[in-house]
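# Secondary and tertiary structure notes
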Amino acid sequence: MKLQPKRVKYRKVHLGRIRGKASRGIRLSFGDYGLAAQEGGWLTARQLEAARIAIVRSIGDEGRLWVRVFPDKSVTKKPLETRMGKGKGEPAFWVAVIRPGRILFEVAGADKERTMVAFRLASHKLPFKTTLISSNEVPL
């Protein structure tokens, strides 16, 4: 499954900066447990899919998984051994911009131990530190 938008208004976007903490997506909405980012960064579509597969394989049919982020920002790259100039490169891959505190995944219906194992496996696939939060805890 290739995660990218079906259509976008502009194909090429500015790099931007990741400043401050997340103000949206910081509370659990669907599940009992969530995996929240502790650092900011770009989460590529491939990393997101790898983490999702790790969680699904770990919890099996026991629980239900929600993915709370979507890669909607294109990152461009110029071909190798290309001279300077001649404009910006073509879109190479898609990323989700993640700020600290943002919930990436939610799980319901699985016990805490199994969810912790699943989220630990998924966190190895992600480019930043994460933490497990439950529905009775206050976010960052």
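Everything numeric here is computed off the predicted structure, so don't read it as measured data. (Residues numbered from 1 in each chain as written. Predicted model: local features only at pLDDT ≥ 70, side-chain atom pairs only at ≥ 80, totals over all residues. Heavy atoms only, no water.)

## Re the packing of aromatic side chains
- Enumeration according to the criterion identifies one aromatic pair in this entry.
- Pairing Phe30 with Trp66 gives two aromatic rings, centres 5.6 Å apart and planes at 15°, and the pair type is stacked. Pair noted here: Phe30 is in the segment before strand 1 (33-37) and Trp66 is in strand 3 (residues 64-67), with a separation of 36 residues, a long-range link. (Phe/Tyr/Trp six-rings, centres within 6.5 Å; stacked < 30°, edge-to-face > 60°. Helix = DSSP H or I, 4+ residues; strand = E, 2+ residues; numbered from the N terminus.)

## Comments concerning the nonpolar core
- In terms of nonpolar packing, the biggest core is built from 23 residues, with Leu43, Ile55, Ile98, Leu104 and Phe105 touching the most fellow members.
- Of all elements in the fold, only strand 1, helix 1 (45-59), strand 5 (90-98), strand 6 (103-108) and helix 2 (112-123) reach the threshold of two or more residues within this core.
- At five residues, the largest contribution of residues to this core is made by helix 1.
- Setting aside anything within four residues of it in sequence, one finds Ile55 in contact with Leu65, Phe105, Val107, Ala118, Phe119 and Ala122. (Core = buried A, V, L, I, M, F, W, Y, C linked by side-chain atoms within 4.5 Å. Buried < 20%, exposed > 50% of the residue type's maximum accessible area, 1.4 Å probe, protein only. Contact = heavy atoms within 4.5 Å.)

## So, the sheet that holds strand 1
- Strand order in the open sheet formed by four strands is 3-6-1-7, with antiparallel pairing between adjacent strands. At either end of the open sheet lies a strand with only one pairing partner, and these are strand 3 and strand 7 (130-134). Geometrically, the sheet is characterised by an average inter-axis angle of 20° between neighbouring strands, direction not taken into account.
- Pairing of strand 1 with strand 6, which is carried by four bridges, proceeds in the antiparallel orientation. What sits directly across from Tyr33, in strand 6, is Val107.
- Of the strands in this sheet, strand 1, strand 6 and strand 7 touch helix 2, which is tilted by about 25° from strand 1. (Pairing = 2+ DSSP bridges. Axes fitted to C-alpha atoms, helices over the stretch in contact; angles between N-to-C directions.)

## Notes on the side chain of Arg68
- If you trace the backbone, Arg68 turns up in the loop between strand 3 and strand 4 (73-77).
- Judged by its relative accessible area of 16%, Arg68 is buried.

## Observations concerning the environment of Lys73
- Within the secondary structure, Lys73 is located in strand 4.
- Overall, Lys73 belongs to the buried group, its relative accessible area being 13%.
- Separated by 18 residues in the primary sequence, Lys73 and Pro91 have C-alpha atoms spaced 9.6 Å apart.
- Excluding its chain neighbours within four sequence positions, the residues that come into contact with Lys73 are Val13, His14, Leu15, Gly16, Trp42, Phe93, Trp94, Val95 and Val97.
- Among the polar contacts made by the side chain of Lys73, one reaches the main-chain carbonyl oxygen of His14 at a distance of 2.8 Å.
- In this structure the side chain of Lys73 is engaged in a polar contact, spanning 2.9 Å, whose partner is the backbone oxygen of Leu15. (Polar contact = N/O pair within 3.5 Å; in protein donor to acceptor, adjacent residues only side chain to side chain.)

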